[in-house]
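The chain contents come next:
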Amino acid sequence: MSTHLATARNYAEESENRMHSDSTARTFGFDAALVPGVAVFGHMTRPLVESLGAEWLKGHAAEIRLIKPAYNGDALAVEHVEEEEGEHLVRCVGRGVLIAEMRSRAARPPLDPMAELHGGKPVDGTPEIAWDLIRVGRPFPTFTWKPDREEHLAYASQVDDDLPIWRGDLLHPHALLSTANRALMHRFRLPAWLHVGSKMVFREPVRVGEEIEVRAVPVEKWRRKGHEFIELYVAYLVGDRVKTEIRHTAIFSIAARESPSIRQ
């Protein structure tokens, strides 16, 4: 087992998502503003990239569960174990509790048919998200994303990742998962919400300077314990090639005074 030590930082205090502010987070029963879940993921990618290099970003699948919140300044211990049959387990521990768990393995599953769905019609403005506005199976309008080197380095810096591999043109995986958040926020305004987990398939590395078409489709919505959830399918295409697929799960309507856990 290897352990990577990191410090959680809330770089999103000014985000539209007010769960990254102390006042809003406390109204829902949390101790303070939440560090973005995508940042926790970003820290957890480091031992995988150290172990597998660029190969991790092609022909691998990963699934992360965000279990407890991370707060600004938390000391994180990111533990990496390679298990039988090449599966990798990464656990993130902070304040003596398990914050997140991720499993990854070499995999090339068939392309999800939703990757072929072209974007829906443009929408006037960005309405606040609501149960009845989420149309399962109906694609969001697409948008393009062309990350430059400055943006890439900003994402790496947010999770204090100084591995030499990021000096080239490979785009940091923290940027990839953060853009799944953007896909949801591109369609709806979300005043307070929680990212609770993601499933990813990295088919080919995404590179700095590439023009990426971002396609997103709501897969499912459900209610549980007063929360309202959405699962969003997101695909990143460069030309006609699907480079990354993500199933992104979030609580878009949070039950009042929920205990400080983000388990589904």
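For the structure, check the block above.
Residues numbered from 1 in each chain as written. Predicted model: local features only at pLDDT ≥ 70, side-chain atom pairs only at ≥ 80, totals over all residues. Heavy atoms only, no water.

### Concerning the sheet that holds strand 8 (residues 212-224)
Stage number 1. Read across the sheet, ten strands follow the order 1-3-4-5-2-7-10-9-8-6 without closing on themselves; strand pairing throughout is antiparallel. Looking at strand neighbours, the two that pair on one side only are strand 1 (2-7) and strand 6 (143-145), the edges of this open sheet. Here the average twist between neighbouring strands, direction ignored, is 20 degrees.
Stage number 2. In this fold helix 4 (residues 173-187) packs onto strand 6, strand 7 (194-202), strand 8, strand 9 (227-238) and strand 10 (241-253), with an angle of close to 115 degrees to the strand it touches most, strand 9. (Pairing = 2+ DSSP bridges. Helix = DSSP H or I, 4+ residues; strand = E, 2+ residues; numbered from the N terminus. Axes fitted to C-alpha atoms, helices over the stretch in contact; angles between N-to-C directions. Contact = heavy atoms within 4.5 Å.)

### What to know about the layout of surface pockets
Stage number 1. Within this model, the largest pocket holds a volume of roughly 450 Å³.
Stage number 2. In terms of lining residues, the largest pocket is bounded by 28 residues, among which Y11, H20, P36, V38 and N181 are the most central.
Stage number 3. Counting only elements with at least two residues in the lining of the largest pocket, the list comes to helix 2 (37-52), helix 3 (149-158), helix 4 and strand 7.
Stage number 4. In the lining of the largest pocket, the residues fall into 17 nonpolar, eight polar and three charged.
Stage number 5. Within this model, the second largest pocket holds a volume of roughly 260 Å³.
Stage number 6. Elements that contribute at least two residues to the lining of the second largest pocket include exactly strand 2 (60-66), strand 5 (97-106), strand 7 and strand 10. (1 Å grid on protein atoms, 1.4 Å probe; cavity = no way out; pocket = protein on both sides within 12 Å on 5 of 7 lines; lining within 4 Å. Points joined across faces, edges and corners; volume = space filled by probe spheres on them. Nonpolar A, V, L, I, M, F, W, Y, C, P; charged D, E, K, R; others polar.)

### With respect to the pattern of salt bridges
Pairing between side chains becomes possible if they bear opposite charge and their charged atoms approach one another.
Stage number 1. Within the structure shown, the criterion is met by 20 salt bridges.
Stage number 2. One salt bridge in this structure joins E50 and R46, with 3.8 Å as the shortest N-O distance. Here E50 and its partner R46 are both found in helix 2, four residues apart, which amounts to about one turn of the helix.
Stage number 3. Assessed through its relative accessible area of 47%, E50 is described here as partly exposed.
Stage number 4. Relative accessible area serves as the criterion here: at 13%, R46 is assigned to the buried category.
Stage number 5. Notably, a salt bridge pairs R247 with D112, separated by 3.0 Å at the nearest N-O pair. Separated by 135 residues along the polypeptide, R247 in strand 10 and D112 in the loop between strand 5 and strand 6 bring together distant segments of the chain. (Salt bridge = Lys/Arg side-chain N within 4 Å of Asp/Glu carboxyl O. Buried < 20%, exposed > 50% of the residue type's maximum accessible area, 1.4 Å probe, protein only.)

### Topic: the packing of aromatic side chains
Stage number 1. All chains considered together, the criterion is met by four aromatic pairs.
Stage number 2. Consider the rings of W145 and Y236, whose centres lie 6.1 Å apart with planes at 65 degrees: the pair is edge-to-face. With a gap of 91 residues between them, W145 in strand 6 and Y236 in strand 9 connect regions that are remote in the sequence. In this pair, the class of W145 matches that of Y236, namely buried.
Stage number 3. Summarising the aromatic geometry, the rings of W222 and F229 are spaced 5.1 Å apart at their centres and angled 5 degrees between planes, so their arrangement reads as stacked. (Phe/Tyr/Trp six-rings, centres within 6.5 Å; stacked < 30°, edge-to-face > 60°.)

### Considerations on the nonpolar core
Stage number 1. Core analysis: the biggest nonpolar cluster contains 59 residues, and M44, L184 and V234 have the highest contact counts within it.
Stage number 2. In terms of residue count, helix 2 provides more of this core than any other element does, seven residues in total.
Stage number 3. Those residues within four positions of M44 in sequence are excluded, and the remaining contacts are I64, V78, V90, R91, C92, A100, E101 and M102.
Stage number 4. Judged by nonpolar contacts, the second largest core, of 13 residues, contains A25, L34, Y71 and A192. (Core = buried A, V, L, I, M, F, W, Y, C linked by side-chain atoms within 4.5 Å.)

### Observations concerning helix 4
Stage number 1. For helix 4, which comprises 15 residues, the first-to-last C-alpha distance of 22 Å matches the rise-based estimate of 21 Å (1.5 Å per residue) to within 8%.
Stage number 2. Within helix 4, twelve of the 15 residues are buried, which leaves it mostly tucked inside the rest of the structure.
Stage number 3. Turning to helix 4, its buried residues are P173, H174, A175, L176, L177, S178, T179, A180, N181, A183, L184 and R187. (Expected span 1.5 Å × (residues − 1).)

### Focus: the packing of helix 3 against helix 4
The geometry of a pair of packed helices is captured by two quantities: the angle between their axes and the separation between those axes.
Stage number 1. Running from N to C, helix 3 and helix 4 point in directions that differ by 100 degrees, and their axes come no closer than 9 Å. The orientation of helix 3 with respect to helix 4, classified from their angle, is roughly perpendicular. Contacts between helix 3 and helix 4 involve E151, Y155 and Q158 from the former and H174, A175, S178 and R182 from the latter.
Stage number 2. Per-class residue counts for the contact of helix 3 with helix 4 are two nonpolar, three polar and two charged. (Parallel < 35°, antiparallel > 145°, perpendicular 65-115°, else oblique.)

### Topic: the side chain of D112
Stage number 1. On the accessibility criterion, D112 (17% relative accessible area) is buried.
Stage number 2. A distance of 2.8 Å separates the side chain of D112 from the backbone nitrogen of M114, its partner in a polar contact.
Stage number 3. Discounting chain neighbours no more than four positions away, the residues touching D112 are Y233, E245 and R247. (Polar contact = N/O pair within 3.5 Å; in protein donor to acceptor, adjacent residues only side chain to side chain.)

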